[in-house]
Amino acid sequence: MATVTRENIGILNEKIIVKVAKDDYLPSFQKAIKDYSKKANIPGFRKGMVPVGMVKKMYGSSVFAYEVIKSVERGLTDYMKNEQLNIFAQPLPLPDNDAPKLDMNQPDEYQFSFEVGLKPEFSIADLAQAHVTKYKIDVTDKMINEEIDRTLIRGGEKTDAQEVTSEDNELIVTFIETDAEGNEIEGGTRKETSLQVKYFTDDFRNELMGKKIGDFLIIHLSRAFEEKEMKWIISELALVKDEQEAMDKFFKLLIDKVSSIEKPALAVEFFKLIYPGKEINTEEEFRNEMRNEIETQWDSQTRSKLHDQIYHELLHTNIDFPEDFLKRWMLTGTEKQKSPDEVEREFPVFVNQLKWSLITEKLVRDVNIEVTPEELVEFAKAQLLGYMGGSNINIDQPWVADYIARMMKDNKFVEDSYQRIQTNKLFSWAETQVHPAEVTISVDDFTKMLEEHKHVH
């Protein structure tokens, strides 16, 4: 039986020394050689009649090394299990081992050393003391009016028109990149898209009025669009990531088609079309329902912002790490070898991810967060509804059951779904532990705050 000892070589860093005597590996080696002789196919010998000495000469060194290493690994594994060592990654073999001394002709006691990094004991940061804010979006009459207008346009009857007469006109236009004088740039951006006249700035809308199909204007993006629409148009035209550089570009705006939209009346028939199954009979009730819908949409984002704050509060948990071991593991223990510079550059992010993993493991264990097979099935159904565009699907149809059954056999889907459900449960629990300050905020201020946070990270 292997002899195993352990010594501390740093913070949460241990050296494990495994010694194996002849009795630990020699019987297995001799048996393995005999088994080889019974199975080997060597020309000139009948199967099972190959002399042991010949097999030993041909395969002995590799079999000997294998059996020694196997007995070392068995001793190491048994020791870590008996000692209940909670380690990071896999033990790293150290250079000071007897691998070069292995000799089947002179079996001896051999010593192998391994380095391990121990997972730390720690206490989770007290969420009751966390300074977090729960934001509530101020849903204004203007927001409701704009959403109602968008809904009316979507439900309106579209007819072709010959010229631009209203900010509600929908245009199909082609953006053709030019210089400041309107000369087309060879290889420049060219994109056809649709948008409403109201998306342009007030001054530019006036220039569009009266324009006909086939007319064009030379536009400077920063003059033609406000900040909110600018982000969309930069994305739509797939322009450079530098927003200021994109805003300074010029385009020929060619009008390909003009549509006029006749909006439906704000009446019971329209209310039923937008909110089927709900008893909405007046414009006031319709506006209230629209307000609730907008609040619900923004609630998911403000809740995500709260979760982000909780995440950072939890990361304030004080945890020690065996940094030297982890850096050596990143150098040699991963499939893709890294250079020392890469390790130093990537280590802060790596250790933060490791920290979050430890915090998650501890919370899941301490709070007893579980994910049941039934929850995985319901999650798969919800995913399917999302793919198919809503809840108008009869979930009891046979093909739905077949689809869910296939998803439950997809290991990656199950693993990803399990993690998402578990994370949602963890943050739902964390919400009950914090005492957030409640702040009402405008959409513009909240969006700006999210953008600033994104840039910081």
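What you see is a predicted model, and the numbers here were worked out from it, not measured in a lab. (Residues numbered from 1 in each chain as written. Predicted model: local features only at pLDDT ≥ 70, side-chain atom pairs only at ≥ 80, totals over all residues. Heavy atoms only, no water.)

Novice: Sorry if this is basic, but what is going on with the overall build of the chain here?
Specialist: Along its length, the chain carries 15 helices and 11 strands. Taken over C-alpha atoms, the radius of gyration comes to 34 Å for the chain, far larger than the 23 Å a tight globule of 457 residues would show. If you line up the chain on its principal axes, its C-alpha atoms span 100 × 55 × 50 Å. Looking at the chain as a whole, 38% of its 457 residues qualify as buried. Contacts spanning at least 24 positions in sequence make up 71% of the contacts within the chain whose residues lie at least 6 apart. When the accessible area of the chain is evaluated, it comes to approximately 27,900 Å², of which 48% is carbon and sulfur surface. Taking the average location of the 59 positive side-chain charges in the chain and that of its 84 negative ones, the two points are 9 Å from each other. (Helix = DSSP H or I, 4+ residues; strand = E, 2+ residues; numbered from the N terminus. Rg over C-alpha atoms; globule rule 2.2 N^0.38 Å. Buried < 20%, exposed > 50% of the residue type's maximum accessible area, 1.4 Å probe, protein only. Contact = heavy atoms within 4.5 Å. Areas by Shrake-Rupley, 256 points an atom, 1.4 Å probe, with all protein chains shown as cover. Lys, Arg positive; Asp, Glu negative; His and termini not counted. Charge placed at Lys NZ, Arg CZ, Asp CG, Glu CD.)

Novice: What should I look at first to understand the layout of surface pockets in this one?
Specialist: Take a probe with the size of a water molecule and roll it over the atoms, and the empty space left behind shows itself. Taken as a whole, the largest pocket encloses approximately 1,400 Å³ of empty space. Together, 35 residues line the largest pocket, and Glu146, Lys228, Glu229, Val443 and Asp444 are the ones closest to its centre. Elements represented by at least two residues in the lining of the largest pocket include exactly helix H3 (141–154), helix H4 (202–208), helix H6 (227–236), helix H9 (283–314) and helix H15 (443–456). Taken together, the residues that form the lining of the largest pocket break down as eight nonpolar, eight polar and 19 charged. (1 Å grid on protein atoms, 1.4 Å probe; cavity = no way out; pocket = protein on both sides within 12 Å on 5 of 7 lines; lining within 4 Å. Points joined across faces, edges and corners; volume = space filled by probe spheres on them. Nonpolar A, V, L, I, M, F, W, Y, C, P; charged D, E, K, R; others polar.)

Novice: Would you take a moment to explain the packing of helix H12 (residues 373–387) against helix H13 (residues 398–408) for this structure?
Specialist: Two quantities define a packed helix pair, namely the angle between the helix axes and the distance between the axes. Two elements in contact, H12 and H13, have axes separated by 10 Å at closest approach and are oriented at 120°. Classed by the angle they form, the pair H12 and H13 counts as oblique. In this structure, H12 crosses over H13, and the sense of that crossing is right-handed. Contacts between H12 and H13 involve Leu376, Val377, Ala380, Lys381, Leu384 and Tyr387 on the former and, on the latter, Trp399, Val400, Tyr403, Ile404 and Met408. The class makeup of the residues in the contact of H12 with H13 is 10 nonpolar, no polar and one charged. (Axes fitted to C-alpha atoms, helices over the stretch in contact; angles between N-to-C directions. Parallel < 35°, antiparallel > 145°, perpendicular 65-115°, else oblique. Left-handed = near helix turned anticlockwise from the far one by under 90°.)

Novice: I keep staring at the side chain of Gln196 and nothing clicks. Help me out?
Specialist: For Gln196, the position within the fold is in strand S8 (residues 190–196). In this structure Gln196 comes out as buried when scored by relative accessible area, which is 7%. Those residues in contact with Gln196, other than ones at most four positions away along the chain, are Ile153, Glu167, Asp168, Asn169 and Glu170.

Novice: Hey, could you run me through helix H14 (residues 411–431) in this one?
Specialist: Since the α-helix turns once every 3.6 residues, residues separated by three or four places project in the same direction. The end-to-end C-alpha distance of H14 is 30 Å, a good match for the 30 Å that 21 residues give at a rise of 1.5 Å each. For H14, the secondary structure elements touched by its buried residues are H9, helix H11 (340–367), H12 and H13. The residue sitting at the N-terminus of H14 and contributing the capping side-chain oxygen is Asp410; that oxygen lies 3.1 Å from the backbone nitrogen of Lys412. (Expected span 1.5 Å × (residues − 1). Polar contact = N/O pair within 3.5 Å; in protein donor to acceptor, adjacent residues only side chain to side chain.)

Novice: For this particular structure, what's the right way to read the pattern of salt bridges?
Specialist: Pairing of side chains with opposite charge becomes possible as their charged atoms draw close. By the definition in use, this model includes 33 salt bridges. As a salt-bridge pair, Asp98 and Lys101 come within 3.4 Å of each other at their nearest N and O atoms. Taking the relative accessible area as the measure of exposure, Asp98 reaches 13% and is therefore buried. With relative accessibility at 57%, the residue Lys101 sits in the exposed group. In this structure, Asp168 engages Lys198 in a salt bridge whose closest nitrogen and oxygen atoms are separated by 3.2 Å. With Asp168 in the loop between strand S6 (157–161) and strand S7 (170–178) and Lys198 in the loop between S8 and H4, this residue pair connects regions lying 30 residues apart in the sequence. For the residue pair Asp168 and Lys198, the accessibility class agrees, reading buried in each case. (Salt bridge = Lys/Arg side-chain N within 4 Å of Asp/Glu carboxyl O.)

Novice: How do you make sense of a nonpolar patch on the surface when you look at a structure like this?
Specialist: Side chains of Tyr36, Phe45, Met54, Met58 and Tyr59 sit close together on the surface and give an oily, nonpolar patch of about 440 Å² of accessible area. Looking at the secondary structure, you find Phe45 in the loop between helix H1 (22–39) and helix H2 (52–83). (Patch = residues over 30% accessible without salt bridge, like charges linked within 9 Å, V, L, I, M, F, W, Y side chains within 5 Å.)

Novice: Even after reading the chapter, I still don't get the packing of helix H10 (residues 323–332) against H11, so can you show me in this structure?
Specialist: As a packed pair, H10 and H11 sit with axes 10 Å apart at the nearest point and diverge in direction by 120°. It follows that H10 is oblique to H11 by the angle criterion. Along this stretch, H10 crosses H11, giving a crossing that reads as right-handed. Between H10, through Glu323, Leu326, Lys327, Trp329, Met330 and Leu331, and H11, the contact on the second element is made entirely by Pro340, Val343, Glu344, Glu346, Phe347, Phe350 and Leu354. Partitioned by chemical class, the residues of the contact of H10 with H11 number nine nonpolar, no polar and four charged.

Novice: Which parts of the structure should I look at to understand the sheet that holds strand S3 (residues 87–93)?
Specialist: Strand pairing in a sheet relies on backbone hydrogen bonds, with the paired strands running either antiparallel or parallel. Spatial strand order, S1-S2-S4-S3: four strands in an open sheet with antiparallel pairing. In this open sheet, the two edge strands, each paired with only one partner strand, are strand S1 (3–10) and S3. Across the sheet, the mean angle separating the axes of adjacent strands is 25° when strand polarity is ignored. Relative to strand S2 (residues 13–20), S1 runs antiparallel, the two being bridged by seven bridges. By the bridge assignment, Glu7 is partnered in S2 with Lys15. (Pairing = 2+ DSSP bridges.)

Novice: Looking at this structure, how should I read the nonpolar core?
Specialist: Residues Phe88, Ile310, Leu314, Phe321, Leu326, Phe350 and Ile359 are the most contacted members of the largest nonpolar core, which totals 31 residues. Of all the elements in the fold, those that place two or more residues in this core are S3, H9, H10, H11 and H14. Counting residues per element, this core draws most heavily on H11, which supplies 10 residues. Excluding residues within four positions of it along the chain, Phe321 makes contact with Ile11, Leu12, Phe88, Leu326, Val351, Leu354, Lys355 and Leu358. Ala40, Phe64, Tyr79 and Phe114 belong to the second largest nonpolar core, which has 29 residues in total. (Core = buried A, V, L, I, M, F, W, Y, C linked by side-chain atoms within 4.5 Å.)

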